[in-house]
Amino acid sequence: MPFLQVLPDQQTVPIAPGQSILQANLIAGIPHVHACGGQARCSTCRVVVLQGLENCLPRNAAEQELADKLNLPAEVRLACQTCVQGDVALRRPIVDALDLAMARQEVEAPGQRLGEAGWPFSSPTSKTTRHSPRRCRPTTSSTS
Ligand code: FES
(Lines give C-alpha, C1' and ligand atoms only; values in the text may rest on other atoms or scores of the structure.)
Protein backbone atom coordinates (compact mmCIF):
# COMPACT_ATOMS: atom_id res chain seq x y z
CA MET A 1 0.00 0.00 0.00
CA PRO A 2 1.42 3.43 -0.90
CA PHE A 3 2.03 6.11 1.67
CA LEU A 4 1.66 9.88 1.71
CA GLN A 5 4.20 12.04 3.49
CA VAL A 6 2.10 15.03 4.53
CA LEU A 7 3.49 18.44 5.42
CA PRO A 8 3.18 20.58 7.45
CA ASP A 9 1.52 17.87 9.52
CA GLN A 10 4.62 15.65 9.44
CA GLN A 11 2.49 12.53 9.18
CA THR A 12 2.82 9.38 7.12
CA VAL A 13 -0.59 8.28 5.86
CA PRO A 14 -1.51 5.00 4.12
CA ILE A 15 -3.61 5.43 1.00
CA ALA A 16 -5.68 2.60 -0.43
CA PRO A 17 -6.17 1.98 -4.16
CA GLY A 18 -8.98 4.18 -5.46
CA GLN A 19 -8.87 6.43 -2.42
CA SER A 20 -8.25 10.13 -2.96
CA ILE A 21 -5.52 11.99 -1.13
CA LEU A 22 -8.24 13.96 0.67
CA GLN A 23 -10.01 10.81 1.84
CA ALA A 24 -6.77 9.28 3.11
CA ASN A 25 -5.83 12.42 5.00
CA LEU A 26 -9.27 12.82 6.59
CA ILE A 27 -9.28 9.18 7.71
CA ALA A 28 -5.87 9.79 9.27
CA GLY A 29 -7.28 12.72 11.22
CA ILE A 30 -5.55 15.46 9.28
CA PRO A 31 -7.73 18.61 9.18
CA HIS A 32 -7.53 18.89 5.40
CA VAL A 33 -9.65 21.81 4.18
CA HIS A 34 -12.27 20.85 1.58
CA ALA A 35 -14.80 23.68 1.31
CA CYS A 36 -16.85 22.27 -1.59
CA GLY A 37 -17.00 18.80 -0.11
CA GLY A 38 -14.76 17.21 -2.71
CA GLN A 39 -16.63 18.40 -5.81
CA ALA A 40 -13.63 19.95 -7.66
CA ARG A 41 -15.16 23.42 -7.35
CA CYS A 42 -13.23 25.30 -4.68
CA SER A 43 -9.57 24.24 -4.89
CA THR A 44 -9.19 24.60 -1.11
CA CYS A 45 -8.01 20.99 -0.90
CA ARG A 46 -5.07 21.70 -3.18
CA VAL A 47 -1.70 20.17 -2.40
CA VAL A 48 1.76 20.77 -3.73
CA VAL A 49 3.39 17.49 -4.74
CA LEU A 50 6.99 17.62 -3.56
CA GLN A 51 8.00 14.11 -4.62
CA GLY A 52 6.26 11.34 -6.53
CA LEU A 53 4.29 13.36 -9.07
CA GLU A 54 4.81 10.40 -11.42
CA ASN A 55 2.85 8.30 -8.91
CA CYS A 56 -0.21 10.52 -9.16
CA LEU A 57 -2.83 9.43 -11.65
CA PRO A 58 -3.54 11.98 -14.41
CA ARG A 59 -6.04 14.73 -13.71
CA ASN A 60 -9.64 13.75 -14.36
CA ALA A 61 -11.92 16.09 -16.34
CA ALA A 62 -13.25 17.91 -13.27
CA GLU A 63 -9.77 18.57 -11.89
CA GLN A 64 -8.46 19.60 -15.29
CA GLU A 65 -11.27 22.13 -15.71
CA LEU A 66 -10.49 23.87 -12.42
CA ALA A 67 -6.73 23.60 -12.98
CA ASP A 68 -7.15 25.34 -16.34
CA LYS A 69 -9.34 28.05 -14.81
CA LEU A 70 -6.80 28.78 -12.07
CA ASN A 71 -3.74 28.09 -14.20
CA LEU A 72 -2.44 25.59 -11.66
CA PRO A 73 1.02 24.17 -12.33
CA ALA A 74 1.37 20.42 -12.78
CA GLU A 75 2.63 19.85 -9.24
CA VAL A 76 -0.44 21.46 -7.68
CA ARG A 77 -3.20 18.88 -7.47
CA LEU A 78 -6.68 18.76 -6.04
CA ALA A 79 -6.52 16.30 -3.16
CA CYS A 80 -10.21 15.45 -3.57
CA GLN A 81 -9.65 14.25 -7.14
CA THR A 82 -6.16 12.78 -7.01
CA CYS A 83 -5.45 9.09 -6.52
CA VAL A 84 -1.97 7.64 -6.39
CA GLN A 85 -0.23 4.41 -7.35
CA GLY A 86 2.93 4.89 -5.31
CA ASP A 87 4.44 6.96 -2.53
CA VAL A 88 3.95 10.73 -2.67
CA ALA A 89 5.30 13.58 -0.54
CA LEU A 90 3.08 16.64 -0.44
CA ARG A 91 2.42 19.90 1.36
CA ARG A 92 -0.97 21.34 2.22
CA PRO A 93 -0.69 25.10 1.58
CA ILE A 94 -4.12 25.98 3.02
CA VAL A 95 -3.90 25.57 6.74
CA ASP A 96 -5.75 28.53 8.27
CA ALA A 97 -8.69 30.90 7.75
CA LEU A 98 -6.69 33.48 5.80
CA ASP A 99 -5.37 30.84 3.39
CA LEU A 100 -8.91 29.57 2.95
CA ALA A 101 -10.32 33.05 2.27
CA MET A 102 -7.66 33.78 -0.33
CA ALA A 103 -8.20 30.43 -2.06
CA ARG A 104 -11.96 30.98 -2.17
CA GLN A 105 -11.43 34.46 -3.55
CA GLU A 106 -9.36 33.10 -6.44
CA VAL A 107 -12.28 30.95 -7.53
CA GLU A 108 -15.36 32.91 -6.50
CA ALA A 109 -14.34 36.54 -6.86
CA PRO A 110 -11.17 36.89 -8.92
CA GLY A 111 -9.95 40.45 -9.13
CA GLN A 112 -11.59 41.59 -5.91
CA ARG A 113 -9.65 42.70 -2.91
CA LEU A 114 -9.81 40.48 0.11
CA GLY A 115 -12.67 41.74 2.26
CA GLU A 116 -14.84 43.21 -0.54
CA ALA A 117 -17.28 40.36 -0.98
CA GLY A 118 -18.21 39.44 2.54
CA TRP A 119 -15.12 37.46 3.25
CA PRO A 120 -14.37 36.55 6.84
CA PHE A 121 -12.28 39.65 7.35
CA SER A 122 -14.94 42.18 6.44
CA SER A 123 -17.36 41.67 9.33
CA PRO A 124 -18.81 44.82 10.91
CA THR A 125 -16.68 44.16 13.95
CA SER A 126 -13.46 44.04 12.00
CA LYS A 127 -14.33 47.27 10.13
CA THR A 128 -14.68 49.22 13.34
CA THR A 129 -11.77 47.70 15.13
CA ARG A 130 -8.81 49.97 15.40
CA HIS A 131 -5.39 48.72 16.17
CA SER A 132 -2.70 50.88 17.61
CA PRO A 133 0.24 50.95 15.29
CA ARG A 134 3.08 49.01 16.70
CA ARG A 135 6.16 51.05 17.19
CA CYS A 136 9.55 49.61 17.03
CA ARG A 137 12.03 51.24 19.28
CA PRO A 138 15.70 51.09 18.67
CA THR A 139 17.50 49.23 21.34
CA THR A 140 19.63 51.41 23.49
CA SER A 141 22.74 50.14 25.03
CA SER A 142 23.81 51.32 28.39
CA THR A 143 27.36 52.61 28.48
CA SER A 144 27.60 53.16 32.19
S1 FES B 1 -12.60 20.02 -1.90
FE2 FES B 1 -13.16 21.60 -3.27
S3 FES B 1 -11.88 21.23 -4.96
FE4 FES B 1 -11.34 19.66 -3.61
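Residues numbered from 1 in each chain as written. Predicted model: local features only at pLDDT ≥ 70, side-chain atom pairs only at ≥ 80, totals over all residues.

Right, let's talk about the overall build of the protein for a bit. Counting secondary structure elements, the protein contains 4 helices and 5 strands. Along the protein, helices (α) and strands (β) appear in the sequence β-β-α-β-α-β-β-α-α when read from the amino end. (Helix = DSSP H or I, 4+ residues; strand = E, 2+ residues; numbered from the N terminus.)

What follows is about the sheet that holds strand β2 (residues 11–14). Pairing within the open sheet is mixed, and its 5 strands lie in the order β2-β1-β5-β3-β4. Both edges of this open sheet fall to β2 and β4 (76–78), since each of them pairs with a single strand only. The sheet shows a mean angle of 40° between the axes of neighbouring strands, direction not considered. Pairing of strand β1 (residues 3–7) with β2 involves 4 bridges; the strand directions are antiparallel. Bridge pairing in β2 links V6 to Q11. (Pairing = 2+ DSSP bridges. Axes fitted to C-alpha atoms, helices over the stretch in contact; angles between N-to-C directions.)

Further remarks concern unusual backbone geometry. A cis geometry characterises the amide bond from L7 onward to P8, with omega recorded as 5°. Tracing the backbone shows P8 in the loop between β1 and β2. Positive phi, normally seen in glycine, also occurs at Q10, with a value near 55°. One can find Q10 in the loop between β1 and β2. By C-beta crowding, Q10 is classed as exposed, having 7 other C-beta atoms within 10 Å. One non-glycine residue with positive phi stands out, namely A40, at about 60°. In this structure, A40 sits in the loop between α1 (21–27) and β3 (46–51). Residue classification places A40 among the partly exposed residues on the basis of 19 C-beta atoms within 10 Å. (Buried ≥ 20, exposed ≤ 12 C-beta atoms within 10 Å, placed from the backbone.)

Before going further, it helps to examine the nonpolar core. L4, I15, I21, A79, V88 and L90 are the most contacted members of the largest nonpolar core, which totals 19 residues. The dominant element in this core, judged by the number of residues it contributes, is α1, at 3 residues. Aside from chain neighbours lying at most four places away, what touches L4 is V13, I15, I21, A24, V88 and L90. (Core = buried A, V, L, I, M, F, W, Y, C linked by C-beta atoms within 7 Å. Contact = placed C-beta atoms within 7 Å.)

Without other data, these values stay purely geometric and don't point to any function.
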